[in-house]
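Architecture and fold: a report
Chain residues, written in single-letter form:
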Amino acid sequence: MYKPAKNKEIAKTEIGIDPRKVVIGYGGRVSLEKDLKTLYRAFIRITKTFDNCVLLIAGGGRPELERMFRGKENVILTMPREKIKNLDTVPFPARNLLPMNKYYSFISKRKNYTILMSSRGCTFQCTFCEQRSGDIRYRSAKNVADEMEECYQRYGVREIDVFDPLFTINKKRVIEVCKEIQKRNLKLIWSCRSRVDTIDEEMLIEMKKAGCYRIYFGIESGDEQILKNIKKQQPGN
């Protein structure tokens, strides 16, 4: 939800169909207060993890939501919640509820296809990115491989996009994940995101052995001043 006009259109449509609906948006643009004020009726930014947001809506936190919905004109913000420290405690996505055979990327090579996140946050401070949390939390190599294996065995997945903001930021951990995948002999391919200064030949070799066939590098610009302005310089620049 990157465009305020589109946000408003979606919110109006969904709430118009059923006023009881809770419309949830993700990303930097959906969180800007000046944009929230243009949305239909009351809009609430819940500054907590998506996992906790779902629990709040579905579980015992309903009274809090009802109190927050009393305002019709104001943007109501909640206080930030504590981050989930142990990501291994987060259940795998309920892919059994989805038609997995229909999902693909326009540049993917195989089906079935899915997305997986093995970490949250990023220590880099690129000004354009909402993931610049200043810290990073990892799932264990075993937990990541467990989800990959479930995708392969249960859902017929043959290609995975590892959607971490920066998968290659921790060399030791990347190699651990790759070796765990190799140990299970999973015949699937996967892609990830990287920076040119967080990857080396040893890592690339292990990633290739584990099935990685595509890496997305955020080059952003060839202009050194622009890179400096957006805090995307490489070491030594």
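Throughout what follows, the structure given in this document is the object of discussion. (Residues numbered from 1 in each chain as written. Predicted model: local features only at pLDDT ≥ 70, side-chain atom pairs only at ≥ 80, totals over all residues. Heavy atoms only, no water.)

With respect to the packing of aromatic side chains
Across all of its chains, the model carries one aromatic pair by this definition. Aromatic pair Phe167 and Trp190: ring centres 5.6 Å apart, planes at 75°, arrangement edge-to-face. Of this pair, Phe167 sits in the loop between strand S6 (159–162) and helix H6 (171–184) while Trp190 sits in strand S7 (residues 189–194); the two residues are 23 residues apart in sequence, bridging distant segments of the chain. Accessibility classification places Phe167 together with Trp190 in one group, the buried group. Taking the ring centre of Tyr152 as reference, the NZ or CZ of Arg158 above it sits at 3.8 Å. Over the ring of Phe124 we find Arg195; its NZ or CZ atom is 3.7 Å from the centre of that ring. (Phe/Tyr/Trp six-rings, centres within 6.5 Å; stacked < 30°, edge-to-face > 60°. Helix = DSSP H or I, 4+ residues; strand = E, 2+ residues; numbered from the N terminus. Buried < 20%, exposed > 50% of the residue type's maximum accessible area, 1.4 Å probe, protein only. Lys NZ or Arg CZ within 6 Å of the ring centre and 35° of its normal.)

A few points about the sheet that holds strand S3 (residues 113–116)
The four strands lie next to each other as S3-S6-S7-S8, forming an open sheet whose pairing is parallel. One side of each edge strand has no neighbouring strand; the edge strands of this open sheet are S3 and strand S8 (212–217). When strand polarity is set aside, the average angle formed by the axes of neighbouring strands in this sheet is 20°. Across five bridges, the pairing between S7 and S8 is parallel. Paired with Cys192 across the bridge in S8 is Ile215. Contacting S3, S6 and S7, helix H5 (residues 141–155) runs over the sheet at an angle of about 165° to S3. (Pairing = 2+ DSSP bridges. Axes fitted to C-alpha atoms, helices over the stretch in contact; angles between N-to-C directions. Contact = heavy atoms within 4.5 Å.)

Describing the pattern of salt bridges
Side chains that carry opposite charge are capable of pairing whenever their charged atoms lie near each other. Taken as a whole and assessed by the stated rule, the structure comprises 16 salt bridges. Between Glu180 and Arg184 there is a salt bridge, with its nearest N and O atoms 3.0 Å apart. Taken together, the positions of Glu180 and Arg184, both in helix H6 and four residues apart, correspond to about one turn of that helix. (Salt bridge = Lys/Arg side-chain N within 4 Å of Asp/Glu carboxyl O.)

Focus on helix H7 (residues 201–209)
Among all positions of H7, only Met203, Glu206 and Met207 are buried. Buried residues of H7, viewed axially, fall in a sector of 100°; they line one side. In H7, the exposed positions angled more than 90 degrees off the buried face are occupied by Glu201, Lys208 and Lys209. The inward-facing, buried residues of H7 abut H6, S7 and S8. One side-chain oxygen of the residue at the start of H7 lies 3.3 Å from the amide nitrogen of Glu202, identifying that residue as Asp200. With its phi angle positive at about 110°, Gly211 sits one or two positions after the end of H7. (Arc of directions from axis to C-beta. Polar contact = N/O pair within 3.5 Å; in protein donor to acceptor, adjacent residues only side chain to side chain.)

Considering the packing of H5 against H6
With their axes 9 Å apart at the nearest point, H5 and H6 run at an angle of 40° to one another. Relative to H6, the element H5 lies oblique. Judged by the sense of rotation from one axis to the other, the crossing of H5 with H6 is right-handed. Residues Ala141, Lys142, Val144, Ala145, Asp146, Met148 and Glu149 of H5 form the contact with H6, whose participating residues are Arg173, Glu176, Val177, Glu180, Ile181 and Arg184. Across the contact of H5 with H6, the residue classes tally to six nonpolar, no polar and seven charged. (Parallel < 35°, antiparallel > 145°, perpendicular 65-115°, else oblique. Left-handed = near helix turned anticlockwise from the far one by under 90°. Nonpolar A, V, L, I, M, F, W, Y, C, P; charged D, E, K, R; others polar.)

Things to note about the nonpolar core
Judged by nonpolar contacts, the single largest core of 25 residues is most densely connected at Met148, Ile160, Val162, Phe167, Trp190 and Met207. Of all elements in the fold, only H5, S6, H6, S7 and H7 reach the threshold of two or more residues within this core. Per-element tally for this core: the top contributor is H5, with six residues. When near neighbours in sequence (up to four residues on either side) are disregarded, Trp190 contacts Met148, Ile160, Val162, Phe167, Cys178, Ile181, Met207, Ala210, Gly211, Cys212, Tyr213 and Arg214. (Core = buried A, V, L, I, M, F, W, Y, C linked by side-chain atoms within 4.5 Å.)

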